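# Residue-level structural notes
The residues making up each chain are set out below.
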Amino acid sequence: PIEQYINYLLFKMHPKKKLKIVVDCGNGTAGHVVPELFRKAGHKAIVVFGKPDGVFPNRNPDPTEDRLKKLKEKIKKHNADMGIAFDIDADRLVVIDENAKKINQEQLSYIILKELLKTQKGPVVVNVECTNLLKQVANEFGCNVVRVPVGDTFLMHGVHEHNAVFGTERSGHCTIPSITPFDDAIAISYYISCILEEPLSKQIKQMPKVFFDRTNFKCDDLKKFKTIKKLAKKLKKSYKRISEIDGIRIDINLSLIHI
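Residues numbered from 1 in each chain as written. Predicted model: local features only at pLDDT ≥ 70, side-chain atom pairs only at ≥ 80, totals over all residues. Heavy atoms only, no water.

### Looking at the packing of aromatic side chains
Within the structure shown, the criterion is met by one aromatic pair. When the centroid spacing of 6.4 Å and the interplanar angle of 35 degrees are considered together, the rings of Phe 38 and Tyr 190 count as tilted. Taken together, the residues Phe 38 in helix 2 (residues 34–40) and Tyr 190 in helix 7 (residues 185–195) connect sequence positions 152 residues apart. Residue class for Phe 38 comes out buried when judged on its relative accessible area of 0%. Residue Tyr 190 is classed as buried on the basis of its relative accessible area, which comes to 0%. (Phe/Tyr/Trp six-rings, centres within 6.5 Å; stacked < 30°, edge-to-face > 60°. Helix = DSSP H or I, 4+ residues; strand = E, 2+ residues; numbered from the N terminus. Buried < 20%, exposed > 50% of the residue type's maximum accessible area, 1.4 Å probe, protein only.)

### As for the packing of helix 4 (residues 105–116) against helix 5 (residues 133–140)
The interhelical angle for the contact between helix 4 and helix 5, taken along N-to-C directions, is 5 degrees, at an axis separation of 9 Å. Taken together, the axes of helix 4 and helix 5 lie roughly parallel to each other. Across the interface between the two elements, Glu 106, Gln 107, Ser 109, Tyr 110, Leu 113 and Lys 114 from helix 4 touch Leu 133, Leu 134, Val 137 and Glu 140 from helix 5. Partitioned by chemical class, the residues of the contact of helix 4 with helix 5 number five nonpolar, two polar and three charged. (Axes fitted to C-alpha atoms, helices over the stretch in contact; angles between N-to-C directions. Parallel < 35°, antiparallel > 145°, perpendicular 65-115°, else oblique. Contact = heavy atoms within 4.5 Å. Nonpolar A, V, L, I, M, F, W, Y, C, P; charged D, E, K, R; others polar.)

### Overview of the packing of helix 1 (residues 2–12) against helix 7
Running from amino to carboxyl end, helix 1 crosses helix 7 at an angle of 35 degrees, the nearest separation of the two axes being 11 Å. Here the hand of the crossing between helix 1 and helix 7 comes out right-handed. For the pair helix 1 and helix 7, the contacting residues are Tyr 5, Leu 9 and Leu 10 in the first and Ile 186, Ala 187 and Tyr 190 in the second. Residues belonging to the contact of helix 1 with helix 7 are distributed by class as follows: six nonpolar, no polar and no charged. (Left-handed = near helix turned anticlockwise from the far one by under 90°.)

Written as structure tokens, this is what we have:
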């Protein structure tokens, strides 16, 4: 199955440019596949924690930025084009640019959409937590954005329900259904390696600037929905664009605010 999967991805996509990529598999399932996939594609793969080990002796299974010190060191040492870290079951990924700086999921999705929407048209599904960055690039290509509640289950349901060409959420789950109809971080990582021509840091600088803040507060489970309703009713007196899909989302046009 692994050989068939690798051959399938190699058949679907071809790199525009051969890259030097540091891959942090986190001693998880990506170690079975990613190094061989990238090497067969012509990339130079520098592997960190590639041997699968259920004890996870080298880093926490969740690839948060504070746990990717080894990956960043290797990027600088080998002058790599980028680094990619996977969670243990390889359905989420984190991408680090050539300067060893993390790219957030929306920035990564923006880069993907800029290429994907050249050849595919359809809805783009994002969770309610995402900013309007992806809406800007989707609208540029005449595509709509559909928002869903937070959680990869809601994300994948929304992708299939709306026959979307792409789906993502801020936690790192991402899908291109025309390649794999589920949140497959290995396929996504390979797609990125195939489309990358300019340095990631340069592409980030060219993106529109958006701002985001999230506030969490504790609330009894038996009261939370009533609390949200009351809070939304109060906030609607001051803000016009409010969503109650999952919690409360407020969109503010910063161009109307004098700083």
